[in-house]
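For reference, the chains in residue letters:
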Amino acid sequence: MTGLIIAALVTALVVYLLARGYKPQPVLLLGGLLLLLLTASLDLNPLLPENKSTQFKYFDIFQIFTNIMSSRLAGLGLTLMAIAGFSRYMEHVGASRALFAIFERPLKAIKSPYLLLVISFLVTQILVIFIPSHAGLGMLLMVTMYPILIRSGISPLSALAVIGCCQFIDHGPGSGNVIMAAKTADIEPAVYFVQYQLPITIPIIIAVAITHFFIQRWWDKREGFVFDPTTIDVVKEEGNKIPLSYALLPVIPLILIIGFSPLLHPYIKLEVTTAMIISTVIALLFEYVRLRDAKAVMNSFMLFFEGMGKQFVLVVSLIVSGEFFANGLLKSGAVDTLISSAQDAGFGIAAMIIVMSAILALAAFLMGSGNAAFFSFAALTPKIATFLKVDVITLILPMQIMTSFGRTVSPITAAIVAIAGIANVSPFQIVKRTAIPMAVAAIVNLAMTFWFLYS
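These numbers come from a predicted model, not from an experiment.

K.L.:
An account of the environment of Gly259 is requested, with residue identities and associated values reported.
P.N.:
Summarising the element assignment, Gly259 is placed in helix H12 (residues 252–259). Sequence separation of Gly259 and Leu270 is 11 residues, and the distance between their C-alpha atoms is 9.3 Å.

Printed below as a string of structure tokens:
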């Protein structure tokens, strides 16, 4: 209980400072530092395993930060920076304008921009099966889909809301949370996805798509958005200088990633970062053919690193800070206490599903990470399922689905921060537009769960 009280007080401080306009990175670092310092001082839990400890618990606080930095810079951080570098180069060569020029005529056939928004959302739900990374897919969509949407009459914030929801559900056999849930339930990930997850997630996706249509239109009217058609004229004017073949460049990463995914080509493995580098080199070749100026083309490659550096400053630093804060929440024992309290309250299966799902969504919101939250809880579900005398899948499925809803409305989620940084808006402006669609998703998730449970 002590850990829960400490976590509540520190979280309240973090929320207060963020609301006052403090930079999120130092605020989250302060929150994590306080949580870990109090955890160590009160001997609530060991901060690190014995074989990874510095042998001095107060140094372990900073070792945790070092471990997070090492892990994220070499993994997700590098991926996001590579995507940002590619995005910066696409902006430089005008590839997005060329892509829009290709799609301009068929897009004009869709009279309602909000219908186009719904179609775009449904496309993202197919892509996420091949690219099971919220931040990674979000960044790719900012290069390909975002320019098309805003030049088709959709407000930037409506487009960002849909892109921010690109992985509002962790589904597909390649998702880390799906693999973890399937392993916990002792079934194959593909079976979990097709037989158990899809019957629930398909109605959720349809409900969220419909909600986006109405809620984004409502927000645009409320905020007085008026599309300026002269924007398209300017783009067309500039686009005449860019070869239409450049429209291929922004989609090359998608072609590579999907084409060499385990679902289509199991023998060749291609990481997202590698795909970004290959795509940038191809873009450099296109530029050389167009300009015939080797020096200018070689010098332009520095823009790739410029984009990477900006992404590190704005996004990767926030991811590391958020994970440090999440570690503080976990090490303090607050999360375990919440679960134990729900279990000890003697709830039935329906009440336990609601409570556990709500706790997971809250944890994902505070941590800005669905994986961190779900991986922390998943191992406990077999014990709780045994206590309730139900199958593990009955309990873990709605929890796993609900987790990503909390992440999608968190202003410190990597994907939300990344796309906000590119669009130069506040993450809070995006999550206020994802909040109602995620509330609808949560209601449909529970409704479908109870339908299958009691039918």
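Here the narrative resumes.
K.L.:
Give me the packing of aromatic side chains: which residues, what numbers.
P.N.:
Following the criterion strictly, the structure yields 13 aromatic pairs and no others. Between Phe301 and Phe304, the aromatic rings sit 5.6 Å apart at their centres with planes inclined by 5°, giving stacked as the arrangement. Among the aromatic residues, those joined into a ring-pair cluster are Phe56, Tyr58 and Phe59.

K.L.:
Describe the pattern of salt bridges, with residues and values.
P.N.:
A side chain of one charge can pair with a side chain of the opposite charge if their charged atoms are brought near each other. Under the criterion given, the structure shown has seven salt bridges. In this structure, Asp220 and Arg433 form a salt bridge, with 3.0 Å as the shortest nitrogen-oxygen distance. Here Asp220, found in helix H10 (residues 189–222), pairs with Arg433, found in helix H22 (residues 427–454); they are 213 residues apart in sequence, far enough to count as distant. Taken as a pair, Asp220 and Arg433 share a single burial class, namely buried.

K.L.:
For unusual backbone geometry, give the residues involved together with the corresponding values.
P.N.:
One non-glycine residue, Asp43, lies in the positive phi region at around 50°. Asp43 sits in the exposed class, given a relative accessible area of 58%. Even without being a glycine, Arg292 presents a positive backbone phi close to 55°. Its location among the elements puts Arg292 in the loop between helix H13 (272–291) and helix H14 (294–300).

K.L.:
Any details on the environment of Ala415? Residues and values, ideally.
P.N.:
Its place among the elements puts Ala415 in helix H21 (residues 414–423). Spatially, the C-alpha atoms of Ala415 and Gly164 are 6.7 Å apart, while their sequence positions differ by 251 residues.

K.L.:
Just give me the short version of the state of the cysteines, but keep the residues and values in it.
P.N.:
One pass over the structure, following the stated rule, counts zero disulfides. Not engaged in a disulfide, the cysteine Cys165 finds its nearest cysteine sulfur in Cys166; these two sulfurs lie 8.2 Å apart. Exposure remark for Cys165: the relative accessible area of 0% places this residue in the buried category. The class of Cys166 is buried, set by a relative accessible area of 0%.

K.L.:
I'd like to hear about the nonpolar core, residue by residue, with values.
P.N.:
Met90, Phe121, Leu160, Phe168, Ile204, Leu249 and Phe405 are the most contacted members of the largest nonpolar core, which has 115 residues in total. Among all residues touching Phe168, those that are not within four sequence positions of it are Phe121, Gln125, Ile204, Ile205, Val208, Ser404, Phe405, Thr408, Met438 and Ala441. Formed by 18 residues, the second largest nonpolar core is a distinct cluster that contains Ile6, Leu17, Leu18 and Met367.

K.L.:
Summarise the packing of helix H17 (residues 349–367) against helix H20 (residues 392–408); cite the residues concerned and give the values.
P.N.:
Remark: H17 packs on H20, axes separated minimally by 7 Å, with the N-to-C direction vectors making an angle of 30°. Taken as axis vectors, H17 and H20 run roughly parallel relative to one another. In this structure, the crossing between H17 and H20 has a hand that is right-handed. Contacts between H17 and H20 involve Ile349, Met352, Ile353, Met356, Ser357, Leu360, Ala361, Ala364 and Phe365 from the former and Thr394, Leu395, Pro398, Met399, Met402, Thr403, Gly406 and Arg407 from the latter. The class makeup of the residues in the contact of H17 with H20 is 12 nonpolar, four polar and one charged.

The rules behind these values
- Residues numbered from 1 in each chain as written.
- Predicted model: local features only at pLDDT ≥ 70, side-chain atom pairs only at ≥ 80, totals over all residues.
- Heavy atoms only, no water.
- Helix = DSSP H or I, 4+ residues; strand = E, 2+ residues; numbered from the N terminus.
- Phe/Tyr/Trp six-rings, centres within 6.5 Å; stacked < 30°, edge-to-face > 60°.
- Salt bridge = Lys/Arg side-chain N within 4 Å of Asp/Glu carboxyl O.
- Buried < 20%, exposed > 50% of the residue type's maximum accessible area, 1.4 Å probe, protein only.
- Disulfide = S-S within 2.5 Å.
- Core = buried A, V, L, I, M, F, W, Y, C linked by side-chain atoms within 4.5 Å.
- Contact = heavy atoms within 4.5 Å.
- Axes fitted to C-alpha atoms, helices over the stretch in contact; angles between N-to-C directions.
- Parallel < 35°, antiparallel > 145°, perpendicular 65-115°, else oblique.
- Left-handed = near helix turned anticlockwise from the far one by under 90°.
- Nonpolar A, V, L, I, M, F, W, Y, C, P; charged D, E, K, R; others polar.

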